[in-house]
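Summary of structural features
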Amino acid sequence: MKKKKTLITVTGVIAVVTAIIYLVLLLLFETETLPYDQTETLLLVPGYFLLPLPLVGFFASVLLQIFSVIPTKKRSGKKK
Amino acid sequence: MRNNEQRGVPVLRVIAMVFANLTAILSANYIVFYILDHFNSNMHFVVHSEFFLTKYLHLFLPLLLLLTGLFYLLVLAGGGFRKMKLKKPVLITIVIIDIILAGAFAMTVNARAFGWWPFKYEQQEQQPVALATLVPTQQPTEEPTPEATETPVPETPVPTDAPTLAPDETAAPETPTPEPTEEPTPEPTPIAGLLGDKFKEKFSDGEPVVSEPNTSETLEDGTVRTLIYTYAGREVAIELYHYQKGKLEYQIADLYLRSIEKLTAIYEADQGKAKGLVDFARGGNALIAINSDYFSANAKDEGLIIRNGMMIKNNPCRHADLCVIYQDGTVRCFDCRQDNIDNNAILASYPYHSFYFGPSILDADGNAKKKFNSTLEQQNPRTAFGYYEPGHYAFIGVRGTRGVKDINGKSLGNGKSPGLSLTELSELCAKLGMKAAYNFDGGGSSGMYWNENLFGHNSRVTGDALIIVD
């Protein structure tokens, strides 16, 4: 149970931190505090910057779901 | 206590799972698209998709990820996962819904980019309309084809309030008549042309002469200027210079044209059929080519778009700068925020090309500007079009910080050139003595093609190119 909790916590924190970093960067790009490529106005961020987000997003969301449905150890002595 | 947990937690858990599922679907699609894009350079399509979800994907994705993480942590804090036990039918249902959602999303994001999309969901395309012409034209063309280099026959009568050219400027008919091309002139009549007798020494009376002199000189400011390519034909002359100042690299092609028809646009009005600059250039037998405004992506609901004397889009011009190249060879740029643009007036004044992107780089007197109708002022790979006088133009390509590729798309390493800001580009154009200059689609779209060479990045597909043919 403790291991499962730790896994979910770590994955969840990674997801939240990554998302926050991207949202902050989006804000910086959009306000032109950070420069970005001219023609990617709608894209908001340069192309090479994009891949880590979906990678983290995909693995984090899948792992969270897997961890959440892993059956926990049955307590000893528990009877139906 | 046990009952409370069972009742209270599942709601959060379901929300968390929904967010997680959506995040997984969006991310998976994105990753697939990214890999496909590596081979196809079609990333542009995600960006310019009309779909709300895909257009703002880069905002939705981190938001969804944030919510997913937060809800899972929240559920965990409530101790909800202890009781987690999904029944088989529920799991199967979730998986099926995921597959359907993933498929639907994959269609919206990827399908159109690769030509699989069976439905037309974009706004109704306007039918191209041939505009009145000033000069006698060659064989008419029914439709604007990317390879077409001939000026279409006007289907509309010449407007009565249209300006007229000076008699010595063109071989125009004496009086505009509704049927100006009744008797096309198949033989290549000598055209005094846009330049008259000016720059006579740059043209060839016989066969075209092509050379690659590679002669360099150092200018006063330390810039090394190398003449890398010349072309001297009967109606077209090109001198292509490569400039290097420190790490900064740019190329300027001096174009001398005796006929405006030699300045041709190749385009795909359907954004889904966009190509790379090299494909456009090769398809049009271009001597030299640059990417232009990519109107199919950048001017969907706004802008007056004219190419090769054909009106392609006639929408209000409100925000961007408009650049018009007229049939008499003159060029004029408009700031649509300040100038009250009357499309009909422009259409009646014999336009040959018009572009809706910008910004305009020089002021009305040909002086450098400090402020532009653009927020993208910073140094960047750039493409621009310059105008000296009727018949004398320039293609400008500026290499930027992005990687540089050869003609086959193979990386040649990271270019160190920082690119030019709009202010720097403006100063350069003013220094060269241009009367007008107009910025085209830059960044990853920027490129200049000549003689099977490509300068600049042009990693993206673009919807159009401006080429010189002879």
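The preceding data block contains the structure.
This report concerns the structure included in the present document. Note that the structure is predicted; figures quoted are calculated from it, not measured. (Residues numbered from 1 in each chain as written. Chains lettered and ligands numbered in written order. Predicted model: local features only at pLDDT ≥ 70, side-chain atom pairs only at ≥ 80, totals over all residues. Heavy atoms only, no water.)

Turning our eyes to something else, we now look at the overall build of chain A. Looking only at helices and strands, chain A features two helices and zero strands. By residue count, 42% of the 80 residues in chain A fall in the buried class. For chain A, contacts bridging at least 24 residues in sequence account for 56% of all contacts bridging at least 6. Entry remark: accessible area of chain A is about 4800 Å², with carbon and sulfur atoms responsible for 72%. (Helix = DSSP H or I, 4+ residues; strand = E, 2+ residues; numbered from the N terminus. Buried < 20%, exposed > 50% of the residue type's maximum accessible area, 1.4 Å probe, protein only. Contact = heavy atoms within 4.5 Å. Areas by Shrake-Rupley, 256 points an atom, 1.4 Å probe, with all protein chains shown as cover.)

This brings us to the pairing of strand E21 (residues 464–468) of chain B. Residues and elements named next belong to chain B. With respect to burial, E21 is a largely interior element, five of its five residues being buried. Both faces of E21 are covered, namely the face carrying Asp-464, Leu-466 and Ile-468 and the face carrying Ala-465 and Ile-467. Where strand E8 (residues 288–291) lies against E21, four bridges are found, and the strand directions are antiparallel. By the bridge assignment, Ile-290 is partnered in E21 with Leu-466. (Pairing = 2+ DSSP bridges.)

Here helix H2 (residues 52–69) of chain A contains 18 residues, and its C-alpha end-to-end distance of 26 Å stays within 8% of the 26 Å for a straight helix at 1.5 Å per residue. Within the span of H2(A), buried status applies to A:Leu53, A:Pro54, A:Gly57, A:Ala60, A:Ser61, A:Leu64, A:Gln65, A:Phe67 and A:Ser68. (Expected span 1.5 Å × (residues − 1).)

Now for the environment of B:Ile260. All names here are of chain B. Examined against the element boundaries, Ile-260 turns out to sit in the loop between strand E6 (248–257) and strand E7 (263–267). Between the C-alpha atom of Ile-260 and that of Ile-325, which follows or precedes it by 65 residues, the distance is 8.9 Å. What Ile-260 contacts, discounting residues up to four positions off in sequence, is Leu-194, Ile-325, Tyr-326, Gln-327, Gly-329, Tyr-352 and Tyr-393.

All right, on to the packing of aromatic side chains then. Residue and element names in this part refer to chain B. If you walk through the whole model with that rule in mind, you get 11 aromatic pairs over all chains. With 4.8 Å between their ring centres and 10° between their planes, Tyr-243 and Tyr-250 make a pair best called stacked. With a relative accessible area of 5%, Tyr-243 lands in the buried category. Relative to Phe-395, the ring of Phe-385 has its centre 6.3 Å away and its plane inclined at 55°; by these criteria the two rings are tilted. Separated by 10 residues along the polypeptide, Phe-385 in strand E14 (residues 382–389) and Phe-395 in strand E15 (residues 392–398) bring together distant segments of the chain. Phe-395 shares its class with Phe-385; the two are buried. Every member of this aromatic cluster is reached through a ring pair, and the members are Phe-385, Tyr-387, Tyr-393 and Phe-395. Positioned over the ring face of Phe-203 is Arg-258, at 4.0 Å from the centre of the ring. (Phe/Tyr/Trp six-rings, centres within 6.5 Å; stacked < 30°, edge-to-face > 60°. Lys NZ or Arg CZ within 6 Å of the ring centre and 35° of its normal.)

Residue and element names in this part refer to chain B. Counted by the stated rule, this structure contains 11 salt bridges over all chains. For Arg-337, the salt bridge is made with Asp-335, and the minimal N-O distance between the two is 3.1 Å. Residue Glu-427 is joined to Lys-370 by a salt bridge in which the shortest nitrogen-to-oxygen separation is 3.4 Å. Of this pair, Glu-427 sits in helix H9 (residues 422–431) while Lys-370 sits in the loop between strand E13 (351–357) and E14, and the two are 57 residues apart along the sequence. Overall, the relative accessible area of 39% leaves Glu-427 in the partly exposed class. The exposure class of Lys-370 is exposed, given its relative accessible area of 64%. (Salt bridge = Lys/Arg side-chain N within 4 Å of Asp/Glu carboxyl O.)

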